[in-house]
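# Structural description and commentary
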Amino acid sequence: MQLKAPDRAAAGHRLRPPQPAGRHPASTALWHSRKVQGLGYAAPTALFVAVFFLLPLLLVGEMSLNDWPLLAGDQGGNAPENYTDVTDSTLFWPAVRFTLLYTVIVTVVLLALALLLALLVQEDRPGAGFFRTVYFLPGALGLASASLLFWGLYSPTTGPLSRVPERLGLADDPVSFLGTPTSALLSTVFLVVWKFAGFYMLILLVGLQRIPHEVYEAARMDGASRGQIFRSITLPLLRPSLALSLLLCVTGSLLAFDQFFILTKGGPDNSTVTIVQLIYREAFQRLNLGTSAALSIIVLAALLLLNALQFRGLRRADET
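I will try to describe carefully the structure that is included in this document. Residue positions are given per chain, counting from 1 as you read along its sequence in written order. Given that the model is predicted, a residue must reach a pLDDT of at least 70 before its local features are reported, and side-chain atom pairs must reach 80 or more before they are shown or counted; all residues, however, enter totals for whole chains, interfaces and linings. Only hydrogens and water are set aside when side-chain values are computed; all heavy atoms of the structure are taken into account.

### Observations concerning the overall build of the protein
Helix and strand labels come from DSSP, where a helix needs a run of H or I of at least four residues and a strand needs a run of E of at least two; each type is numbered from the N terminus. Of regular secondary structure, the protein possesses 14 helices and zero strands. Going residue by residue from the N terminus, the α and β elements of the protein occur as α-α-α-α-α-α-α-α-α-α-α-α-α-α. Three labels apply to residues, based on accessible area from a 1.4 Å probe with only protein chains included: buried if under 20% of the type maximum, exposed if over 50%, partly exposed otherwise in between. Of all 320 residues assigned to the protein, the portion counted as buried reaches 32%. The contact definition used throughout considers only heavy atoms, calling two residues in contact when any of these lie within 4.5 Å. Sequence separation of at least 24 residues holds for 65% of the intrachain contacts in the protein that already meet a minimum separation of 6. In these tables, accessible area is a Shrake-Rupley quantity obtained with a 1.4 Å probe, and a residue counts as shielded only by the protein chains included in the view. Total accessible area on the protein is roughly 20,200 Å²; 66% of this is exposed by carbon and sulfur atoms.

Set out below in structure tokens:
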């Protein structure tokens with residue numbers, strides 16, 4: 001019987017020494033093409049950030065170190081005079097205290113109300129979709145438009161709300177909702193809560209709907225009350241949504257401008273001047289872009305520090 005000669009190609013393949021590990025040429029080309037595609041997708045966003053954030057930030061930093069009148073341009077360096085002028089201003093520390101007070105009140109009231117609304121419309125019961133839409137509708141209105149609307153409602157001469165206490169016999173004259181520092185603050189807080197409660201409700205509602213129903217059912221079978229379920233299950237599992245809402249609410253409140261600029265103009269007696277209003281006054285009323293830019297850098301640094309502390313606290317809470 002004749003033996004079949006071995007296949008030379010197969011033998012050569014078996015005797016060929018192992019090739020060094022490396023990337024296949026085809027996979028290398030594919031990797032490079034995907035890298036170029038990724039850079040192409042990211043390029044418009046990177047260009048947008050560079051043009052509308054990084055370049056203005058660099059310009060603001062340069063302004064803060066120079067004598068820069070609004071109508072005369074750069075007059076040369078004067079660092080750190082702009083920063084000392086800002087902190088020596090008679091309105092700086094009152095504006096800081098008022099902004100912090102406003103932030104605390106708005107954050108507590110707004111998030112508490114938003115959580116309550118989210119819990120009310122959490123279940124898919126009849127009418128839940130209607131109420132979700134109703135609660136969210138004010139958020140579709142611009143803040144400037146909402147401020148103008150409430151300015152008309154609060155007006156002591158033409159506003160309908162100012163005459164309600166008089167018609168009820170609670171006051172002899174129309175009430176000036178913006179006439180005193182306390183009433184101006186509370187009236188503005190009411191506007192902000194009315195506008196943004198539905199927005200934060202939506203964020204918290206998404207977080208609530210991500211909690212598995214089996215967890216609630218197991219807790220009820222173990223005899224847990226509603227309060228115990230809320231404290232031990234709902235709040236811990238809702239922490240990411242609460243953290244996002246807290247971050248957005250605090251940042252937005254610290255940068256408050258439109259509502260106070262339209263409703264109170266910083267009055268009465270400069271009692272409702274926020275830190276961003278002070279930036280506006282320095283730039284467009286005192287015509288000093290240098291001190292306005294210095295104040296902007298101070299606010300940016302404070303926001304970065306506050307956000308870093310918030311993220312650090314949330315990370316520690318997640319680890320525990």
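### Brief notes about the packing of aromatic side chains
Pairs were defined over the aromatic rings of Phe, Tyr and Trp, the Trp ring being its six-membered one, requiring ring centres within 6.5 Å. Orientation was assigned from the angle between planes: stacked under 30 degrees, edge-to-face over 60, tilted for the rest. Per the stated rule, a full pass over the model turns up 15 aromatic pairs. Plain terms: the ring middles of Tyr102 and Phe260 are 4.9 Å apart, the flat faces sit at 75 degrees to each other, and that makes the pair edge-to-face. Here the residue Tyr102 occupies a position in helix α4 (residues 92-120), and Phe260 occupies one in helix α12 (residues 258-263), the gap between them amounting to 158 residues. Through successive ring pairs, a cluster of aromatic residues spans Phe150, Tyr154, Phe177, Phe190 and Trp194. Counting as a charge over the ring demands two things of the Lys NZ or Arg CZ atom: a distance within 6 Å of the ring centre and an angle within 35 degrees of the ring normal. The lysine or arginine in question, Lys195, covers the ring of Phe196, its NZ or CZ lying 4.3 Å from the ring centre. Directly above the aromatic system of Phe261 lies the positively charged group of Lys265, at a separation of 5.6 Å from the ring centroid.

### A short note on the nonpolar core
Working definition of a nonpolar core: buried Ala, Val, Leu, Ile, Met, Phe, Trp, Tyr and Cys residues. They are joined through side-chain atoms within 4.5 Å. Counting 30 residues, the largest nonpolar core has Tyr102, Val106, Leu110 and Tyr200 as the members making the most contacts within it. The set of elements that each furnish at least two residues to this core consists of α4, α8 (181-209), α9 (213-221) and α10 (226-237). Apart from the residues within four sequence positions on either side, Val106 is in contact with Leu111, Val189, Val192, Cys249 and Ser253. Among the nonpolar cores identified, the runner-up in size contains 16 residues, and Leu91, Phe92, Leu254 and Leu295 belong to it.

### Details of the environment of Leu116
Residue placement: Leu116 occurs in helix α4. Overall, the relative accessible area of 45% leaves Leu116 in the partly exposed class.

### Digging into the packing of α10 against helix α11 (residues 239-254)
For the pair α10 and α11, interaxial distance at closest approach is 5 Å and the crossing angle is 55 degrees. In terms of axis orientation, α10 runs oblique to α11. Contacts between α10 and α11 involve Leu235, Pro236 and Leu237 on the former and, on the latter, Arg239, Pro240 and Leu242. Three classes are used: nonpolar for Ala, Val, Leu, Ile, Met, Phe, Trp, Tyr, Cys and Pro, charged for Asp, Glu, Lys and Arg, and polar for all others, with Gly counted as polar. Among the residues forming the contact of α10 with α11, the class breakdown is five nonpolar, no polar and one charged. Structural elements are reduced to axes, namely lines fitted to C-alpha atoms, with helices fitted over the stretch in contact, and the angle between N-to-C directions of any two is expressed from 0 to 180 degrees. With respect to orientation, any angle under 35 degrees is reported as roughly parallel, any angle over 145 as roughly antiparallel, any angle of 65 to 115 as roughly perpendicular, and every other angle as oblique.

### Regarding unusual backbone geometry
Negative phi values dominate among residues other than glycine, just as trans dominates among peptide bonds. Residue Pro80 is bonded to the preceding Ala79 through a cis peptide linkage, with omega at 0 degrees. Structurally, the position occupied by Pro80 is in the loop between α2 (25-64) and α3 (81-88). In this model, Gly267 is joined to Pro268 through a cis peptide bond whose omega is 0 degrees. Within the secondary structure, Pro268 sits in the loop between α12 and α13 (275-284). Notably, Lys265 is not glycine yet its phi reads approximately 55 degrees, a positive angle. Within the secondary structure layout, Lys265 lies in the loop between α12 and α13. Phi is positive for Leu287, which is not a glycine, with a value near 60 degrees. Owing to a relative accessible area of 34%, Leu287 belongs among the partly exposed residues under this scheme.

### Digging into the side chain of Thr103
Looking at where Thr103 falls in the secondary structure, it is placed in helix α4. Under the relative-accessibility criterion, Thr103 is labelled buried at 6%. A polar contact of 2.7 Å, which involves the side chain of Thr103, links it to the backbone oxygen of Thr99. Aside from chain neighbours lying at most four places away, what touches Thr103 is Val250, Ser253 and Leu254. What qualifies as a polar contact is a pair of N or O atoms within 3.5 Å, subject to a donor-acceptor requirement within protein and to the restriction that residues adjacent in sequence count only when both atoms come from side chains.

### Thoughts on the side chain of Thr274
By the secondary structure assignment, Thr274 is in the loop between α12 and α13. There is a polar contact of 2.9 Å between the side chain of Thr274 and the backbone oxygen of Ala256. Ignoring any residue separated from it by four or fewer positions in sequence, one finds Thr274 in contact with Ala95, Phe98, Thr99, Ala256 and Phe260.

### Structural notes on a negative patch on the surface
Residues form patches when they are more than 30% accessible in relative terms and have no salt bridge. Like charges link within 9 Å. Nonpolar side chains (Val, Leu, Ile, Met, Phe, Trp, Tyr) link within 5 Å. A side-chain nitrogen of Lys or Arg and a carboxyl oxygen of Asp or Glu constitute a salt bridge if their distance falls within 4 Å. Note that His is not counted, nor are the chain ends; the positive residues are Lys and Arg, and the negative ones are Asp and Glu. The atom standing in for a charge is NZ when the residue is Lys, CZ when it is Arg, CG when it is Asp and CD when it is Glu. On the surface, Glu62, Asp67, Asp74, Glu81, Asp85 and Asp88 cluster together into a patch of negative charge. Here the negative patch gets three residues from one element, more than from any other, and that element is α3. Among the secondary structure elements, Asp74 is positioned in the loop between α2 and α3. Judged by its relative accessible area of 38%, Asp74 is partly exposed.

### A look at the packing of helix α5 (residues 128-136) against α8
At a closest axis distance of 8 Å, the pairing of α5 and α8 adopts a crossing angle of 140 degrees. Relative to α8, α5 is oriented oblique. Between α5 and α8, the contacting residues are Arg132, Tyr135 and Phe136 on the first element and Gly198, Phe199, Met201, Leu202, Leu205 and Gln209 on the second. Tallied by class, the residues present in the contact of α5 with α8 amount to six nonpolar, two polar and one charged.

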